[in-house]
Amino acid sequence: VPSGFVTNKNHQCLKCSVKASEGYLFPLNKSMIFVHKPTTFIRHDDITHVELLWVSEYVGSTGRSFDIKIITSKQEEIQFTSIDKSELKIVKDYFETRKIKVRFVNE
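As the structure is a computational prediction, the values presented were derived from the model and not from experiment.

This next bit is on the layout of surface pockets. Taken as a whole, the largest pocket spans an internal volume of roughly 250 Å³. Lining the largest pocket are 15 residues, with Lys-9, Leu-14, Lys-15, Cys-16 and Asp-84 sitting closest to its centre. At the level of elements, β1 (14-18), β2 (21-27) and β7 (77-84) are the ones that each hand at least two residues to the lining of the largest pocket.

Moving on to the environment of Arg-98. Position of Arg-98 among the secondary structure elements: in the loop between α1 (88-97) and β8 (102-106). Relative accessible area serves as the criterion here: at 22%, Arg-98 is assigned to the partly exposed category. Linking Arg-98 and His-44, residues 54 residues apart in sequence, is a C-alpha distance of 8.0 Å. Excluding its chain neighbours within four sequence positions, the residues that come into contact with Arg-98 are Gly-4, Leu-28, Asn-29 and His-44.

If you look at the biggest cluster of nonpolar residues, it comprises 23 residues, and the most contacted ones within it are Ile-68 and Phe-80. Only β1, β3 (31-35), β5 (47-54), β6 (65-72), β7 and α1 provide two or more residues apiece to this core.

Summing up the model confidence of the chain, the mean pLDDT is 89 and the portion of residues at 70 or higher is 88%. For residues 55-61, every residue scores under 50 in pLDDT, and the model assigns this stretch six contacts once sequence neighbours within four places are set aside.

Calculation rules
Counting restarts for each chain, with residues numbered from 1 along the sequence as it is written. Side-chain atom pairs in this predicted model are given and counted only at pLDDT of 80 or more, local residue features only at pLDDT of at least 70, and totals for whole chains, interfaces and linings cover all residues. Water and hydrogen atoms play no part in the side-chain values, which are based on all heavy atoms of the structure. A cavity, in this analysis, means grid points on a 1 Å lattice covering only the protein atoms where a 1.4 Å probe fits yet has no way out; a pocket is instead an open set bounded by protein on both sides within 12 Å along at least five of seven lines, and a residue lines either one if it has an atom within 4 Å of a point. Grid points are joined across faces, edges and corners, and a volume is the space filled by probe spheres set on the points. Each helix corresponds to a stretch of at least 4 residues labelled H or I by DSSP, and each strand to a stretch of at least 2 residues labelled E; elements are numbered beginning at the N terminus. For every residue, the accessible area obtained with a 1.4 Å probe (protein chains only) is divided by the maximum for its type, and the residue is called buried under 20%, exposed over 50%, and partly exposed between those limits. When checking whether two residues touch, look at their non-hydrogen atoms; a contact exists if any pair is within 4.5 Å. For the purposes of this section, nonpolar cores are sets of buried Ala, Val, Leu, Ile, Met, Phe, Trp, Tyr and Cys residues that join through side-chain atoms within 4.5 Å. What pLDDT reports is the predictor's confidence in each residue, on a scale of 0 through 100.

What follows is the structure, given as structure tokens:
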């Protein structure tokens, strides 16, 4: 059962995509799970760091979303795309409170 994570819209998950598949990312206390195809389970212990990627605000109207790239201890990269930019601070705080390194990347 999800607990401890609430978005600006009072949801316990983030709507996003992995490759071409839309689904929901549930940030849990000790792991994360993306529900839909492909269902993806990531334990916090397996994460080396997280990159928060977004388009610079100076580019124009394309800066409404950001991406989360998770790099695992096996050097795998899992990217969750098209997350509403209003959730950026909540996502950053989620990782930081779990002592997961966060890097910001402007593209």
